[in-house]
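Residues per chain, in single letters:
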Amino acid sequence: MTTSRRPAVARRVGALARDLVRRAAPFTPADKGWATRTLADAVRRVFLTATIVAQLVMLGGVLASSGPLAPLLPLLAAHATLLVATLVVQSGRLPTWVPVVGVYVLFVADWTASESMNDPLLFASCWMMNLGGATPSFVLRGRLALLLPAIGSVVVPTAMVLLRPDLPATLPVAVFVTHWAIMLGTRIGQTYLYDFAGRADEEAAAAQRERAEAASQEAASRASAEDARVLHDTVINTLAALASGGAAVSDVDAVRQRCARDIATVAALQHGAEPVADDGGLRAAAYDGRVRVHHHGLPSDELSRLEAGLPPARLRALRRATTELVQNAAKHAGVDEVEVRAEERAGRLVVTVADDGVGFDGRVAQAGGLATSVLARAREAGIEVDLDTAPGAGTRATLTVPLTRRASSGPSTGDDIARVVRVLRRNACLLLSAGIAIVGFYLAIANHPGEATPEYLMATLAALGAALGWQTTRHRDTMPAWVAVTLSVAAATAFVLSAAAVDYGREDPVLWQAIGAVGLLLVIAELGPRPSAVLWAGALYAGTVVAVAVAVGRSSGEAETITLIAGGTGLGLVAAWRRFQNALGAIGTRAASDQQARWTARTRIAERRAADRARARWRDAGLNRSLQLLEAVRTASDPGDPALREQCAVEEAYLRQLTLLHPDLVHVGQWFARALNDAHDSGVRLVVRAGGTDLPADLAADLGDVVLSAVAETPTGADLTVTLFPDPVGARMTLVGAHPHVATGVRSAPGSLAARAEVLSVGNQDVAEILLDIPA
């Protein structure tokens, strides 16, 4: 058992080692989306801000130096210059390597100017250098982020030894060791953060693609449905009226005007444009000439003002639904007058269309004009419809239109942003806390080899704090209160242990791991049960720092200053973390908003293209016949000519069947339209029964070839029925028609579907069936 386990353990160790080497290599985060950009911008901003704060601390460190002030004035000016230069870097007017190199140069200058190893100036400068070891990983990209600190880790200690041979070599060695530990730790740690950010971006992009595809399909379906409604409301109704004759054709001028309008509608459909240019208001509509329309309610200017505030699509839907209600009254109510009343009630526009006609029982036929041209159209536009009717009691239809725009949902919601930012912060906090603990153990070994110093206990507390924070927040956003209290006490204790390792700043203070205790405070700052938890923890920590400083100050003023600097450095790191938290939230919201705007623009383009594809069916539907027939009626001396009326009846039946194609059939609908057109031309009685199961474009083309081939083989006057319906594995198409024509047509069709068709002949009928696999 032990022998078999060793290779597996070795493989895991080898894989971990290879992964760590890969993560330490030159790294440039892929710009996958808003989460990655947010993380990169936030850490860059925080580390540059930390560099600025470090220069402010160094100004105080120079003033607190035990040496005379006059020789230190150039050093004071140099730190002030680096402070200003970093501000310029933040504005983007200087390259980001400037503060990194500046920190290295000034650290050597601080070392040279220090009176002794116990000088507060040197102690403060060591922490500036530690910050300089972490900064390149977060503000530089690619090879420079590794090359520059690697060169600095060699050049700086070498310069230290050459410029101050009188001082012990302890610190140059510690600088080399510490710099590499911080550099590698931050490089490896940040890759884990960017991995999560990259996954978040990929998930967001996938969700956005799904939303865009759904929006495109919806736009295509909406455009196709609306075109069919317009065709019903205009051309089909006109042809039906002409076919019925009587009063519908008695006013020749009205018939000609109506035909001219419908000709424009058909031409627009053929060119894939909006069917009719009717963006005007209710009172600009061309209502049915068979009835007189009386407008009541709001004055025209007030109604126009309210209509101007509506989204164009909603205004079009309101106008077209109102026009269809008047049309229905003209056709079915048996009245000469219809009342259209517009009122404003409680922030809504209410339009009522009423007649005193025959009324009906209130049941709405599923495929009728009222269902499609009024109810479905209004529902899509967010308009409420209420029908009040009864046999012999007339009909009153009320359309209620919200006057405020509905909020649109974007690809990234506020909850999505908050969730990703929250997890980013948690992961960053725990990685940083764990990294501080690991570096703490490493430096305890490197700084005091062979000694059992209190640093080990400090690093142990830091590691246990990170583990406790991770464990208690795996399934919740915040840690329990008892954990926060425990970590607060542990943080204060860890500071005392870190101080004890250097005799409270009196023995080699430059080796003091002053931030080793702060990982515990970071966990509280990020995962505490309430925002005030870190304030109480920070107050306990600060009180401990002051108490230690006062105690040690009795024997050494320098040690007292160093203790205060060490405590302030740790609290400064906590403040920097809070800055990072705020930056992630602010930058994340802005970056997500920018990305949402880009996706919204792309989605709108995709919607327009999808709508154009949906309208392609009208170009293949043979509407030229309708154009020619309407033109013939428009120019005829007698629109009621029996031959014209018969042609109108035939064309009306064809167009009605065309409009019954489901609007979701974006790809398949185009081929069914071509098949209906070919059947109409050849005199084949084709019936298409299909729901809303669309197919991919290439599969729809193969299916269309089969249907067109079957239509071509079917003789004039024969029947052919095509059915497309869902199946557990995709979809199933059947063709039923005269023998042997269906079989011949299916077998002669190009493409792979024809070869897969199963054809059964029963008497004088052929039944062909094709199973269609729809890719997921």
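Here, the structure is the one placed above.
Residues numbered from 1 in each chain as written. Predicted model: local features only at pLDDT ≥ 70, side-chain atom pairs only at ≥ 80, totals over all residues. Heavy atoms only, no water.

**Q** How should I be thinking about helix H15 (residues 518–527) in this particular structure?
**A** Within an α-helix, residues lying three or four positions from one another point in the same direction, as the helix has 3.6 residues per turn. The buried count for H15 comes to ten of ten residues, which makes it a mostly enclosed element. Of the residues making up H15, those classed as buried are Val518, Gly519, Leu520, Leu521, Leu522, Val523, Ile524, Ala525, Glu526 and Leu527. (Buried < 20%, exposed > 50% of the residue type's maximum accessible area, 1.4 Å probe, protein only. Helix = DSSP H or I, 4+ residues; strand = E, 2+ residues; numbered from the N terminus.)

**Q** Help me understand the pairing of strand E9 (residues 758–762), please; the structure alone is not making it clear to me.
**A** In regular strands, side chains alternate between the two faces of the sheet. Taking burial as the measure, the five residues of E9 include zero buried ones, a minor fraction of the element. The sheet contact formed by E9 and strand E10 (residues 765–773) spans five bridges and is antiparallel. Bridged to Leu760 within E10 is Val767. Between the antiparallel neighbours E9 and E10 lie two residues, among them Gly763 with a positive phi of about 65 degrees. (Pairing = 2+ DSSP bridges.)

**Q** Teacher, can you tell me more about the pattern of salt bridges here?
**A** Where charged atoms of side chains with opposite charge meet at close range, the side chains can pair. Under the definition given, this model contains 15 salt bridges. A salt bridge links Asp166 to Arg164, with the shortest nitrogen-to-oxygen separation between them at 3.0 Å. In this structure, the salt-bridge partner of Arg292 is Glu337, at a minimum N-O distance of 2.9 Å. Placement of Arg292 in strand E1 (residues 292–297) and of Glu337 in strand E2 (residues 337–345) is noted, with a sequence separation of 45 residues between them. (Salt bridge = Lys/Arg side-chain N within 4 Å of Asp/Glu carboxyl O.)

**Q** Can you help me understand the state of the cysteines in this one?
**A** Linking two cysteines covalently through their sulfur atoms gives a disulfide. Within this structure, the stated rule accounts for zero disulfides. Unpaired in terms of disulfides, Cys259 finds its nearest cysteine sulfur in Cys648, a separation of 7.5 Å. (Disulfide = S-S within 2.5 Å.)

**Q** Looking at this model, I keep getting lost on the sheet that holds E10. Mind explaining?
**A** Pairing between sheet strands relies on hydrogen bonds along the backbone, with the strands arranged either parallel or antiparallel. The five strands lie next to each other as E6-E7-E8-E10-E9, forming an open sheet whose pairing is mixed. The open sheet has two edge strands with one neighbour each: strand E6 (685–690) and E9. The average angle at which neighbouring strand axes cross in this sheet is 15 degrees, direction not considered. (Axes fitted to C-alpha atoms, helices over the stretch in contact; angles between N-to-C directions.)

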